[in-house]
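Fold and geometry: a report
Here is how the chains run, residue by residue.
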Amino acid sequence: MTIPATAHFCWIGPDLPWAYGFAVLSCARQGGLARVILHHTDDLAPTPVLAALRAAPGVELRRIAPAAALAPAESALNRPGALTALYQRMPSPAIKSDILRTAILFTEGGLYLDTDTLTLAPLTPLLHTAQFIGTESIIWPHFVRVSRNPLLLARYGALDLARKACRLLPQGWRAFRLVERFCFPGINGAVMGAAPGTALFARALTAMLDMPPLRQSEPNALGPDLLQTLTEQAAPGEITIHPPALFYPLPPEISQHWFRPTRRVRLAAMLPPKTRLVHWYASVRSKPYVAEITPAFVRAHAATQPYSALVLRALPDL
């Protein structure tokens, strides 16, 4: 089986800032895919972002009702209404998105991308497998967070201190390259792909439904923590697991350097040769930056801010 040449994005809410619109536009421009679909649960506000998406070749805006979008997966799993009930109970858009993305990949197949990504190179080489997912370099995987082993906690605590220093230091992303080898290669579902009906995503949906209710609503429980467990349990060769360089060249916290001003942007040094897209972590200290990003801001700051340079590399005609 191969993965369909379709990219799926999910958006919950009416307001779509430019930073997230750039994710869809860059995928349509650079990804080399046949279709790029933005699934949105609300009517999108009539903004310049929406106009740009409507005008972009290959972009499809698909207004969805969550219950209808989840129904095909519920039918395939013989769990009528279960995913919809879980979706409605979840307290945050991030957790709701974990459910939607998994159901869409299971029923339709294709690539799923978070909206805090920028596509820089064709994604078609990723399609020649049944299912794939990527890893990021993290400090606190679930098995460490719940551990009582003092040596393990001390090891990762020291790594955390080193990461904090690298986040704060100018050009600290360079120093972090020396530390990164000691981090845990954790599964991240911000970029993943599957042929329709693959077993991994069927197991993921079933595990979501069977998880204790208190655990379901915990951050990362239906996302990275669950995907980590399932990939560790997968049969050899069942899923292709890509290294951090492909999608996560700067890991959490260190990713703040995408937005910090610098005298001279050095994208060639920040991006490993294998990088095909950049996940810049909207959940990690980036909210103040997202609010000010527009095409004009990007053009004005491309020489001094790595994020703006990335956008112009992905969308040179912006």
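Check the entry above for the structure.
Below is a short write-up of the structure. As a convention, each chain's residues are numbered from 1 in the sequence order in which they are written. The predicted origin of the model limits local features to residues at a pLDDT of at least 70 and limits the giving and counting of side-chain atom pairs to 80 or more, whereas totals for whole chains, interfaces and linings rest on all residues. Derived side-chain values reflect all non-hydrogen atoms in the structure, with water molecules and hydrogen atoms excluded from consideration.

Looking now at the overall build of the chain. Looking only at helices and strands, one finds 16 helices and 9 strands in the chain. Here the C-alpha radius of gyration of the chain, 19 Å, is about what a compact globule of 318 residues would show, namely 20 Å. Dimensions of the chain, computed from C-alpha atoms along their principal axes, come out at roughly 55 × 55 × 35 Å. Contacts: residue pairs with any heavy atoms within 4.5 Å of one another. Taking the intrachain contacts of the chain between residues at least 6 apart in sequence as the baseline, contacts between residues at least 24 apart amount to 78%. Here, Shrake-Rupley sampling with a 1.4 Å probe gives the accessible areas, and only protein chains in the shown set may cover a residue. As presented, the chain carries roughly 13,600 Å² of accessible surface, and 59% of it is formed by carbon and sulfur atoms. Here the chain contributes 30 positively and 20 negatively charged side chains, and the mean placements of these two sets differ by 9 Å. A run of H or I in DSSP counts as a helix once it spans at least four residues, and a run of E counts as a strand once it spans at least two, with each numbered from the N terminus. As a reference, a globule follows 2.2 Å times the number of residues to the power 0.38, and the radius of gyration itself is taken over C-alpha atoms. The convention is simple: Lys and Arg are positive, Asp and Glu are negative, and His and the chain ends are not counted. In this description, the location of a charge corresponds to atom NZ of lysine, CZ of arginine, CG of aspartate or CD of glutamate.

Relative accessibility under 20% of the residue-type maximum defines a buried residue, over 50% an exposed one, and the middle range a partly exposed one, all with a 1.4 Å probe and only protein chains included. Listing the buried residues of helix H8 (residues 172-179) in full gives Gly172, Trp173, Phe176 and Val179. Burial along H8 is one-sided: seen end-on, the buried residues are contained in an arc of 95°. Summarising the contacts, the buried residues of H8 are in contact with helix H7 (150-168) and helix H13 (267-270). Read the arc as the range of directions from the helix axis to the C-beta atoms.

By salt bridge we mean one thing: a side-chain nitrogen of Lys or Arg within 4 Å of a carboxyl oxygen of Asp or Glu. Counted by the stated rule, this structure contains 16 salt bridges. One salt bridge in this structure joins Arg62 and Glu108, with 3.0 Å as the shortest N-O distance. Of the two residues, Arg62 is situated in strand S3 (residues 59-63) and Glu108 in helix H5 (residues 93-108); the sequence distance between them amounts to 46 residues. A salt bridge links Arg215 to Glu218; its shortest N-O distance comes to 2.6 Å. In the salt-bridge network here, residues are joined through shared partners; they are Arg35, Glu60, Arg62 and Glu108.

What follows is about helix H3 (residues 66-77). Here a helix's expected span is defined as the number of its residues, less one, multiplied by 1.5 Å. For H3, spanning 12 residues, the distance from its first C-alpha to its last is 17 Å, which sits close to the expected 16 Å at 1.5 Å a residue. Within H3, burial applies to Pro66, Ala69, Leu70, Ala73, Glu74 and Leu77. Viewed end-on, H3 has its buried residues packed into an arc of 135°, placing them on one side of the element. Those residues of H3 that are exposed and aimed more than 90 degrees away from the buried face are Ala68, Ser75 and Ala76. On its buried side, H3 packs onto helix H4 (82-89), H5 and helix H9 (199-210).

Of all 6 residues making up strand S2 (residues 35-40), 5 are buried, and the element is well covered by its neighbours. As paired elements, strand S1 (residues 6-11) and S2 share 6 bridges and run parallel to each other. Paired with His8 across the two strands is Ile37, which belongs to S2. The parallel pair S1 and S2, bridged by helix H1 (residues 18-30), forms a crossover whose chirality is right-handed. Whether two strands pair depends on DSSP finding at least two bridges between them. Pairing analysis gives 5 bridges linking S2 to S3, with the strands arranged parallel. Residue pairing across strands places Ile37 opposite Glu60, the latter belonging to S3. The handedness of a crossover follows from its direction of travel: if, with the strands pointing away from the viewer, the path from the first strand over the helix to the second runs clockwise, the crossover is right-handed.

Two packed helices can be described by the angle between their axes and the distance between those axes. Under this scheme, a helix contributes an axis fitted over its contacting stretch, all axes are lines through C-alpha atoms, and angles between N-to-C directions fall in the 0 to 180 degree range. Two elements in contact, H3 and H5, have axes whose closest approach is 9 Å; the angle formed by their N-to-C orientations is 65°. Like other packed secondary-structure pairs, H3 and H5 cross with a definite hand, here left-handed. Where H3 abuts H5, its residues Ala69, Leu70, Pro72, Ala73, Ala76 and Leu77 lie against Ile99, Leu100, Ala103, Phe106 and Thr107. Here the contact of H3 with H5 is built from residues that sort into 10 nonpolar, 1 polar and no charged. Should the near helix be turned anticlockwise from the far one by less than a right angle, the crossing is termed left-handed; should it be turned clockwise, right-handed. Gly counts as polar in this scheme, as do all residues outside two lists: the nonpolar Ala, Val, Leu, Ile, Met, Phe, Trp, Tyr, Cys and Pro, and the charged Asp, Glu, Lys and Arg.

The strand order S3-S2-S1-S4-S7-S6-S8 describes an open sheet built from 7 strands, whose pairing is mixed. Two strands in the sheet have a free side with no partner beyond their single neighbour: S3 and strand S8 (240-242). Ignoring which end each strand starts from, the neighbouring axes of this sheet average 35° apart. Relative to strand S4 (residues 110-113), S1 runs parallel, the two sharing 2 bridges.

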